[in-house]
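# Tertiary structure, described
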Amino acid sequence: MKSFTYEKANSPAAAAAAAAGSSNARFIAGGTNLLDLMKLEIETPSHLIDVNGLAFDKIEPTQEGGLRIGALVRNTALAADERIRRDYGLLSRALLSGASGQLRNKATTAGNLLQRTRCPYFYDTNQPCNKRTPGSGCAAIGGVTRQHAVLGSSESCIATHPSDMAIAMRALDATVETVRPDGTTRAIPIADLHRLPGETPHIETTLSAGELITSVTLPKPVGGTHIYRKVRDRASYAFALVSVGAIVQRDGTGRVAVGGVAHKPWRVEAAEAEMPRGAKAVATRLLDGARPTRDNSFKLALVERTLAAVLSEAKG
Amino acid sequence: MPTPNEFEISRRNLLVGTVTSVAIGASHGANAQNAASRSHAPAQGMPATAKVSFSVNGEVRALELDTRTTLLDALREHLHLTGTKKGCDHGQCGACTVIVGGQRVNSCLTLAVMHEGDSVTTIEGLGTPEHMHPMQTAFVTHDGFQCGYCTPGQICSAVAVLDEIKAGIPSHVTGDLTIAPQLTNAELRERMSGNICRCGAYSNIAEAITEVAGRPA
Ligand SMILES: Cc1cc2nc3c(=O)[nH]c(=O)nc-3n(C[C@H](O)[C@H](O)[C@H](O)COP(=O)(O)OP(=O)(O)OC[C@H]3O[C@@H](n4cnc5c(N)ncnc54)[C@H](O)[C@@H]3O)c2cc1C
Ligand code: SF4
Ligand code: FES
Ligand code: FES
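These figures come from a predicted structure and were not determined experimentally.

### Some thoughts on the overall build of chain A
- From N to C terminus, chain A includes 13 helices and eleven strands.
- The C-alpha radius of gyration of chain A comes to 19 Å, within 12% of the 20 Å expected for a compact globule of 316 residues.
- The proportion of buried residues among the 316 residues of chain A is 59%.
- Looking at chain A alone, contacts between residues at least 24 apart form 62% of all its contacts between residues at least 6 apart.
- Surface exposure of chain A reaches about 12400 Å², of which carbon and sulfur atoms provide 49%.
- With 39 positive and 30 negative side-chain charges, chain A shows a separation of 4 Å between the mean positions of the two kinds.

### Considering the sheet that holds strand E11 (residues 254–259) of chain A
Residue and element names in this part refer to chain A.
- With respect to topology, three strands assemble into an open sheet ordered E9-E10-E11, the strand pairing being antiparallel. The strands lining the two open edges of the sheet, one partner per strand, are strand E9 (225–231) and E11. For this sheet, the mean angle separating the axes of adjacent strands, direction not counted, is 10 degrees.
- Bridge count between E9 and strand E10 (residues 242–248): seven bridges; the pairing is antiparallel.

### Things to note about empty space enclosed by the protein
Residue and element names in this part refer to chain A.
- Taken as a whole, this structure holds three cavities of 30 Å³ or more when the rule is applied.
- One number sums up the size of the largest cavity: a volume of about 80 Å³.
- In terms of lining, the largest cavity is formed by 16 residues, of which the most central are Cys119, Cys129, Cys138, Ala140 and Cys157.
- Class assignment of the residues belonging to the lining of the largest cavity gives a composition of eleven nonpolar, four polar and one charged.
- Put simply, the second largest cavity is a space of about 60 Å³.
- Of the residues that constitute the lining of the second largest cavity, the class distribution is three nonpolar, two polar and four charged.

### Section: the sheet that holds strand E7 (residues 185–189) of chain A
Residues and elements named next belong to chain A.
- The strand order E4-E5-E8-E6-E7 describes an open sheet built from five strands, whose pairing is antiparallel. What marks the edges here is a single partner per strand, and that holds for strand E4 (59–61) and E7. With direction set aside, neighbouring strand axes in the sheet form an average angle of 25 degrees.
- Pairing geometry for strand E5 (residues 67–70) and strand E8 (residues 212–218), over four bridges, is antiparallel. Within E8, the position partnered with isoleucine 69 by the bridge is valine 216.

### Structural notes on the pairing of E10(A)
Residues and elements named next belong to chain A.
- Among the seven residues that make up E10, seven are buried, leaving the element largely enclosed by the rest of the structure.
- Looking at chain direction, E10 and E11 are connected through six bridges and run antiparallel. Across the sheet, the residue bridging to valine 248 is glycine 254, located in E11.
- Where E10 folds back on E11, the antiparallel hairpin that results is connected by five residues, among which glycine 252 adopts a positive phi of roughly 90 degrees.

### Considerations on the site of ligand 1
All names here are of chain A.
- The full set close to ligand 1 counts 35 residues, and Phe27, Gly31, Thr32, Thr108 and Asp164 are the nearest of them.
- Interatomic distance of 2.8 Å between a backbone N/O atom of alanine 29 and an oxygen atom of ligand 1.
- A distance of 2.7 Å separates a nitrogen atom of ligand 1 from a polar atom in the side chain of aspartate 164.
- Protein contacts shield 95% of the accessible area of ligand 1, which totals 980 Å² for the unbound molecule.
- Elements supplying a minimum of two residues to the shell around ligand 1: strand E2 (25–28), helix H7 (109–114) and E8.
- Across the shell around ligand 1, the residue classes break down as 17 nonpolar, 14 polar and four charged.

What counts and how
Residues numbered from 1 in each chain as written. Chains lettered and ligands numbered in written order. Predicted model: local features only at pLDDT ≥ 70, side-chain atom pairs only at ≥ 80, totals over all residues. Heavy atoms only, no water. Helix = DSSP H or I, 4+ residues; strand = E, 2+ residues; numbered from the N terminus. Rg over C-alpha atoms; globule rule 2.2 N^0.38 Å. Buried < 20%, exposed > 50% of the residue type's maximum accessible area, 1.4 Å probe, protein only. Contact = heavy atoms within 4.5 Å. Areas by Shrake-Rupley, 256 points an atom, 1.4 Å probe, with all protein chains shown as cover. Lys, Arg positive; Asp, Glu negative; His and termini not counted. Charge placed at Lys NZ, Arg CZ, Asp CG, Glu CD. Pairing = 2+ DSSP bridges. Axes fitted to C-alpha atoms, helices over the stretch in contact; angles between N-to-C directions. 1 Å grid on protein atoms, 1.4 Å probe; cavity = no way out; pocket = protein on both sides within 12 Å on 5 of 7 lines; lining within 4 Å. Points joined across faces, edges and corners; volume = space filled by probe spheres on them. Nonpolar A, V, L, I, M, F, W, Y, C, P; charged D, E, K, R; others polar. Near = heavy atom within 4 Å. Polar contact = N/O pair within 3.5 Å; in protein donor to acceptor, adjacent residues only side chain to side chain.

Below you can see the structure in the form of structure tokens.
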């Protein structure tokens, strides 16, 4: 790990300003992703700004009848919150399917959204990787790509976003609230937070330098049956190969977002319109334009079958 | 592969780095006041250091550490509490599990300097050979280990798991999210999935936890 200086931020604006004031600073929250990457020198910040002292650790009702989740609310606390369990079960389920009890106790709402890919070539500093070292090439393309993206990938990068929570947030139409170094705030729809890789896979979100996530808000509950189904290589403590997060209403309409397939949570409104017609119809629209590799073309069938399982579970 | 010579050099650098960290026993109040919320500006070429004090197994410990020091390394290398084990150092095995402020965490994925004022419980704090914690006794009774390397992490995790179920925290296998989770074998196994056992002592571990939980397996 490279040496770094450390400070504990005492206000959101100060944290954002400190980040902007240092060319190579990072916020640290739970640390469960950042420290992992710093040990491997994939992340090499020279200054860490610890945001854990900021008062973003509450879940509060919004005027619109939804909930405002502080950026520092831990994954365990969020999944266990009674309002989340009752009205946003999809979010609880997605969180509980991720990582381990120990990790969820540390992992934060903002950190989870901003966790980086698990592409094994990104993790192997001996390999070229456009995300880690822009312009160096992509070792995954032509390599072993069982875990990689089938949708929205580019000639530069075929990595996926690994977060389970983000899939639920996408289906729930969450909004990310931030403060920038100049003190201005903004609200970013979750759909616009993560970017597709394009030619700049190292730029993963639409956040600007030093922009601090303060909270994530959920609109008022939409009812329905909430299901998160994650398919992985072992029954627990593993990332998804494919995951489906769905809210299904009694009349068969609803929402669906898919994980493990792209650089961001994948949701296609035209596909959702097909929900009453069943999994095949949804999958056809959802996977439109898919570009699987030889290793991961199984994901196309897996998405359809997981959707079928979810829709049948929703019928009860 | 680095040559043996390169290894020697990096080992020596590592030793230089640790010279700056000294353990001092002092009262918590005094240290909390002195504690820097910011690291010292490092001298040219020297690693940055920071002061931190937290309690470990009920005793306040004040340290000045290289900011890179994980809680795990602070416990093992600086406080010489070697009960907590380093398996993967990347959050993937659970051998380093300790309880911070009542919650189990992977001590390898958190920085020591981020724990100002916290209270940490390690396997040494749960019980001693003379006065074992009921979970430690149950692991012995049920042969909940073979080589024992994962055991301190398993036991810390298990103690916290029972508290989590008591607190009503659901898990991936909880059927109905709106009611309190039940103490089933499936619940225990899912909740313990963050602790890997290379020897595969899982079934005996589950029996030990079940006994402490007060339910037949
Ligand atoms: C072994 C292992 C297994 C895992 N399995 C899963 C899994 O199955 N599913 C899953 O979804 N995840 C999994 N994870 C990932 C885990 O969910 C993330 O590591 C965690 O959510 C990151 O949160 P954090 O608070 O620790 O982030 P940190 O590591 O503190 O930060 C992550 C990033 O977010 C930035 N950041 C943090 N807070 C803010 C803020 N408020 N504003 C702006 N930027 C911020 C940091 O600068 C950093 O770049 C796993 C991790 C491990 C180690
Ligand atoms: S897929 Fe993306 S993250 Fe993986 S090696 Fe290629 S550029 Fe890097
Ligand atoms: S050593 Fe911390 S999880 Fe393996
Ligand atoms: S007893 Fe050997 S690793 Fe668990």
